[in-house]
Amino acid sequence: MKKSVFKRFVVFSLAVALVCVIIVGGIVAFPLSRYIENSKRSTLEDTTRTVSELAGKISDGDLHFMNMDERRIFKDSMDAFSSSFRATTTITDTMGLVVYSSNPEFTGGILNIPAEIMDSINKGGYYEHGTLNDTYKHQYYIAIQPVLSSNGYIVGYCVVSQATLWTADYTPTIFTTLIVIIILTALLIFIISAVYAYNTTLPLKKIAGAVKRFSVGDLESRGQVKTQDELGEISQAFNEMADSLASSEGMRRNFIANVSHELKTPMTTIAGYIDGILDGTIPEKDQKHYLEVVSQEVKRLSRLVGSMISLSKIDSGEITVKKAPFVIQDTAFNVLTGFENDIYKKNLNIEGMDCDEDIITYGDSDLIHQVIYNLVENAVKFTNEGGYIRFGFEKKMGATYVTIENSGEGILPEDLKLVFDKFYKGDKSRSINKKSMGLGLYIVKTIVRLHDGDIIAESEPGKYCRFIFHIPDEGKKKKDSHVFSKETHNE
């Protein structure tokens, strides 16, 4: 049978409460019983003292020679005391001969008082919880006081005894009270625990419900716990995870759609032109032109596959950075050489490549080549006809700073902070001038971060777009590298 956290919490709290109440009850019961015992002794001793004084006054110091009236008064008084205190009252002379006893078994007999306690009795009285040297068949509370004459001589003894079972009159009350206290306390603790457990487990139920809904595809499901405690932190962590997964799911769907589109378009073009060449639809004089188109589409597919392979390596952590010193301008020049035809067709001006001093960078030249390649590819793609691409190379604060800026429409402010996200494309329509998978800048940032560096993007719509990245020199840690600020570069 499934046990909920709520049930376990309540059962545990109730068990702890019962144990605590029982322990406390036991602790209270012991001093309470001691109190009753002491109270009983004090009462019994006072009563015995009173009875002995009364016996001495009525008998006028002579227990055996009382007239009829004195004897009647004496007996009535003793009977009244015995009945009132539910005790056995026995009056003896100094030899132990019973003069009066409310217990018929003692009447006319001799009450043997042990000699070893006579000194205690004569000095002010005696008390015990026992049988008085087997005089009584059972345990009794026994108090003994001397009976004094008017001139202070001991003329007899007053023995008052109460059965131990007399305390049973209090026992039901004591135990009933303790049981009631235990039940009420346990009930109160149960109610408080139940309310607290419910309020504690309710947020867990909300989070569990949100998790279940999320697991079956409800990506909008979120935890609604707003408390400022661990449960609130769990809910917030779940919401953040859900946002991340929902975003990843959205990007995954966009990625599948993009891949499908990007693969379908060149493959359709390639298949169409090749079929046209094979079946003679395309004249022989035009075949070279269309083969060039096919070649461009094949290269496009190759770039797409290359991006996918790079992405796979990044996600799996397979990329190994092999750092060594190299000249960063040479890498940029080699990248530009590959885009010579595109630069010529768009009549672009290349600026900033005429540096007098070589900038030595410490890093993986192949990976940095890919960084610059992706940035230049974007710059060539988005620069306006007759525009410019400007390079900047600078060594400062123990790092190499590279700036690649191009004129053109730039990037909208709402897109600027998202350009480095995986699969992000500012152009949702996938126009012919923006044939990208949204992976290039993500790969760029990842490679730069692998070098313990960083990259930022700046843009003014309608004017320019600028990317700046820096690579720390050998021995520099990322935490020591310069943080980008407005003073880091000049616009």
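Let me begin by describing the structure that accompanies this report. As the structure is a prediction and not an experimental result, all values here were calculated from the model. (Residues numbered from 1 in each chain as written. Predicted model: local features only at pLDDT ≥ 70, side-chain atom pairs only at ≥ 80, totals over all residues. Heavy atoms only, no water.)

1. Brief notes about the packing of aromatic side chains
In this description, a pair of aromatic rings is defined by centroid distance and the angle of the planes. This model, assessed by the stated rule, comprises five aromatic pairs. Seen from their ring centres, Phe339 and Tyr373 are 4.9 Å apart, and the 45° between their planes marks the pair as tilted. In this pair, Phe339 sits in the loop between helix H7 (328-338) and helix H8 (340-345) while Tyr373 sits in helix H9 (residues 365-382), placing the two residues 34 residues apart along the sequence. With relative accessibility at 27%, the residue Tyr373 sits in the partly exposed group. Its end group placed over the ring of Tyr401, Lys396 keeps NZ or CZ at 5.1 Å from the ring centre. (Phe/Tyr/Trp six-rings, centres within 6.5 Å; stacked < 30°, edge-to-face > 60°. Helix = DSSP H or I, 4+ residues; strand = E, 2+ residues; numbered from the N terminus. Buried < 20%, exposed > 50% of the residue type's maximum accessible area, 1.4 Å probe, protein only. Lys NZ or Arg CZ within 6 Å of the ring centre and 35° of its normal.)

2. Some words on a negative patch on the surface
A contiguous patch of negative charge on the surface is contributed by Asp330, Asp354, Asp356, Glu357 and Asp358. Tracing the sequence through the fold places Asp330 in helix H7. Asp330 gets classed as partly exposed once you look at its relative accessible area, which sits at 44%. (Patch = residues over 30% accessible without salt bridge, like charges linked within 9 Å, V, L, I, M, F, W, Y side chains within 5 Å. Areas by Shrake-Rupley, 256 points an atom, 1.4 Å probe, with all protein chains shown as cover. Salt bridge = Lys/Arg side-chain N within 4 Å of Asp/Glu carboxyl O. Lys, Arg positive; Asp, Glu negative; His and termini not counted. Charge placed at Lys NZ, Arg CZ, Asp CG, Glu CD.)

3. Brief notes about the nonpolar core
When a protein is soluble and globular, its nonpolar side chains tend to lie buried together. Grouped together as the largest cluster of nonpolar side chains are 38 residues, with contacts concentrated most on Ile372, Leu375, Val376, Phe467 and Phe469. Elements represented by at least two residues in this core include exactly H7, H9, strand E9 (388-396), strand E10 (399-407), helix H11 (440-450), strand E11 (454-460) and strand E12 (464-472). Here the element with the most residues in this core is H9; it accounts for eight residues. In terms of nonpolar packing, the next biggest core, distinct from the first, is built from 18 residues, Ala55, Leu63, Val147 and Val155 among them. (Core = buried A, V, L, I, M, F, W, Y, C linked by side-chain atoms within 4.5 Å.)

4. Looking at the sheet that holds E11
Taken in spatial order, the five strands of this open sheet run E7-E9-E10-E12-E11, and their pairing is mixed. At either end of the open sheet lies a strand with only one pairing partner, and these are strand E7 (349-351) and E11. Within this sheet the neighbouring strands show an average axis-to-axis angle of 15°, counted without direction. Sheet topology places E9 next to E10; eight bridges connect them, and they run antiparallel. For Phe393, the partnering residue across the bridge sits in E10 and is Val402. Sitting on the sheet, H7 is in contact with E7, E9 and E10, with an inclination near 165° to E9. Contacting E11 and E12, H11 crosses the sheet at an angle of about 140° to E11. (Pairing = 2+ DSSP bridges. Axes fitted to C-alpha atoms, helices over the stretch in contact; angles between N-to-C directions. Contact = heavy atoms within 4.5 Å.)

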